[in-house]
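Residue-level listing of the chains:
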Amino acid sequence: MKYGMSTQEGDLLVFGIVGAAKEMMTRLGTTQGDAYDFVERKLQILANAEPFSEATDTAVLESVYNEIYGAQ
């Protein structure tokens, strides 16, 4: 899945974060809003690493938002 990161490694990291949020929703009953907040916090941390500074760019956030709110 392509999240708009500049590298495949970045996309894989975002994929892992989104996967964790989906597991929280499935296994723990976490709401979509709380799952998205979790992802947003993790992306802010990821963006602090030089090669992944685009982790909080609009394109990435929109992709993640669509995946979280489209998941059930």
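Placed above this text is the structure.
Residues numbered from 1 in each chain as written. Predicted model: local features only at pLDDT ≥ 70, side-chain atom pairs only at ≥ 80, totals over all residues. Heavy atoms only, no water.

(A) Representation of helix α2 (residues 32-47). For α2, built from 16 residues, the straight-helix expectation of 22 Å at 1.5 Å per residue is met to within 8% by its first-to-last C-alpha distance of 22 Å. Here α2 has its buried residues at Ala35, Tyr36, Phe38, Val39, Leu43, Leu46 and Ala47. (Helix = DSSP H or I, 4+ residues; strand = E, 2+ residues; numbered from the N terminus. Expected span 1.5 Å × (residues − 1). Buried < 20%, exposed > 50% of the residue type's maximum accessible area, 1.4 Å probe, protein only.)

(B) Summary view of helix α1 (residues 8-28). A rise of 1.5 Å per residue sets the reference length of α1, with its 21 residues, at 30 Å; its end C-alpha atoms lie 29 Å apart and thus fit the reference within 8%. Here α1 has its buried residues at Gly10, Asp11, Val14, Ile17, Val18, Ala21 and Met25. Down the axis of α1, the buried set is contained in an arc of 130°. They therefore lie on one face. In α1, the exposed residues that point more than 90 degrees away from the buried face are Gln8, Glu9, Leu12, Thr26, Arg27 and Leu28. In this fold, the buried residues of α1 make contact with α2 and α3 (58-70). (Arc of directions from axis to C-beta. Contact = heavy atoms within 4.5 Å.)

(C) Spotlight on the packing of α2 against α3. Running from amino to carboxyl end, α2 crosses α3 at an angle of 150°, the nearest separation of the two axes being 10 Å. Taken together, α2 and α3 sit at an angle that is classed as roughly antiparallel. Considering how the two elements wind past one another, α2 and α3 form a crossing that is right-handed. Contacts between α2 and α3 involve Gln32, Gly33, Ala35, Tyr36, Val39, Glu40 and Leu43 from the former and Val60, Leu61, Val64, Tyr65, Ile68 and Tyr69 from the latter. Classifying every residue of the contact of α2 with α3 by side-chain character gives 10 nonpolar, two polar and one charged. (Axes fitted to C-alpha atoms, helices over the stretch in contact; angles between N-to-C directions. Parallel < 35°, antiparallel > 145°, perpendicular 65-115°, else oblique. Left-handed = near helix turned anticlockwise from the far one by under 90°. Nonpolar A, V, L, I, M, F, W, Y, C, P; charged D, E, K, R; others polar.)

Any functional reading would require information beyond the geometric quantities listed.
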